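What the coordinates show
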Amino acid sequence: MNAAPARTIRAVATAFTMLAASLGVVAVGATPAAAGTKDVYTVTKYSNTFNGGCEAEATVTYWPGTDTATFTTRVTSPYLFAACRVNTHLYVQGKSTQWNSATHYTMACGITDTSCASTQTTTGTYYNATPSLTAYVDSVNDALEAMGMPRSMNRKTAVESISIASAACSTGCTRECA
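Everything in this summary refers to the structure shown in the same document.

Conventions used here
Residues numbered from 1 in each chain as written. Predicted model: local features only at pLDDT ≥ 70, side-chain atom pairs only at ≥ 80, totals over all residues. Heavy atoms only, no water. Helix = DSSP H or I, 4+ residues; strand = E, 2+ residues; numbered from the N terminus. Buried < 20%, exposed > 50% of the residue type's maximum accessible area, 1.4 Å probe, protein only. Contact = heavy atoms within 4.5 Å. Areas by Shrake-Rupley, 256 points an atom, 1.4 Å probe, with all protein chains shown as cover. Core = buried A, V, L, I, M, F, W, Y, C linked by side-chain atoms within 4.5 Å. Phe/Tyr/Trp six-rings, centres within 6.5 Å; stacked < 30°, edge-to-face > 60°. Salt bridge = Lys/Arg side-chain N within 4 Å of Asp/Glu carboxyl O.

Okay, the overall build of the protein chain next. Looking only at helices and strands, the protein chain has three helices and seven strands in total. Traced from its N-terminal end to its C-terminal end, the protein chain shows the element sequence α-β-β-β-β-β-β-α-α-β. Classification of the 178 residues of the protein chain by burial places 34% in the buried group. By sequence separation, contacts in the protein chain at least 24 residues apart represent 59% of the contacts at least 6 residues apart. Looking at the protein chain as shown, the accessible area adds up to about 9,800 Å², and 58% of this sits on carbon and sulfur atoms.

Structure, rendered in structure tokens:
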């Protein structure tokens, strides 16, 4: 029997294993402890230290399977004449990559401003919230398909966790709230 085909098969299998490991793809039948398996992630962040007292609380729920994020943000302005504005930004974390996701904007008016309340709560749902995650999953699946393997990567298996960052400012703020 010729050993060349066996060496070729082993070389292809080794190359596939190395590519899969570098991309965080799991071989069929394996179940790593850190594999993303959750259907939904939720995180809440609170701060009252923005610009001397703007108060903000944001909760984000993210569904990796549909790449949908729902934000609920409450902002309170302690100022008589100045508004507080908050940008809440979602980050989606994979095994070795972080993808930028949707940003949600909320504003509360000053206490004496009659055009809106000094405490505001807004919600927003963002579909296709993380296009770069979708592009990553597509590129991994393209590589798998090019090697004759099934397209087995999806957003749910790529995501390990989420985090949020909020930038807040009162009237007169600069680019962090733009």
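Past the structure itself, the notes keep going.
This paragraph deals with the nonpolar core. One finds Tyr62, Leu90, Val92, Leu133, Tyr136 and Ala158 to be the most contacted residues of the largest nonpolar core, which totals 21 residues. Listed by contribution, the elements that provide at least two residues to this core are strand 2 (54–63), strand 3 (68–76), strand 4 (84–93), strand 5 (98–108), helix 2 (131–146) and strand 7 (161–170). Among the elements that make up this core, the one with the highest residue count is helix 2 (five residues). Beyond its immediate sequence surroundings of up to four residues, Ala158 is in contact with Gln93, Gly94, Lys95, Trp99, Leu133, Tyr136, Val137 and Met153. Judged by nonpolar contacts, the second largest core, of six residues, contains Ala56, Val75, Cys84 and Ala108.

This structure, assessed with the given rule, holds two aromatic pairs. Summarising the aromatic geometry, the rings of Phe71 and Tyr126 are spaced 5.2 Å apart at their centres and angled 80 degrees between planes, so their arrangement reads as edge-to-face. Taken together, the positions of Phe71 in strand 3 and Tyr126 in strand 6 (residues 119–127) put the pair 55 residues apart, joining distant regions of the chain. Taken together, a centroid distance of 5.3 Å and an interplanar angle of 50 degrees make the contact between Trp99 and Tyr136 tilted. Highlighted residues: Trp99 in strand 5 and Tyr136 in helix 2, separated in sequence by 37 residues. As far as burial versus exposure is concerned, Trp99 and Tyr136 are alike and both buried.

Looking now at the pattern of salt bridges. For the coordinates displayed, the defined rule picks out four salt bridges. One salt bridge connects Arg151 with Asp142, and the closest N-O pair in it is separated by 2.9 Å. On the accessibility criterion, Arg151 (39% relative accessible area) is partly exposed. For Arg151, the salt bridge is made with Glu145, and the minimal N-O distance between the two is 3.5 Å. Note on Glu145: relative accessible area 48%, which makes it partly exposed. One salt-bridge network, in which partners are shared between bridges, spans Asp142, Glu145 and Arg151.

Taken by themselves, the reported measurements are silent on function.
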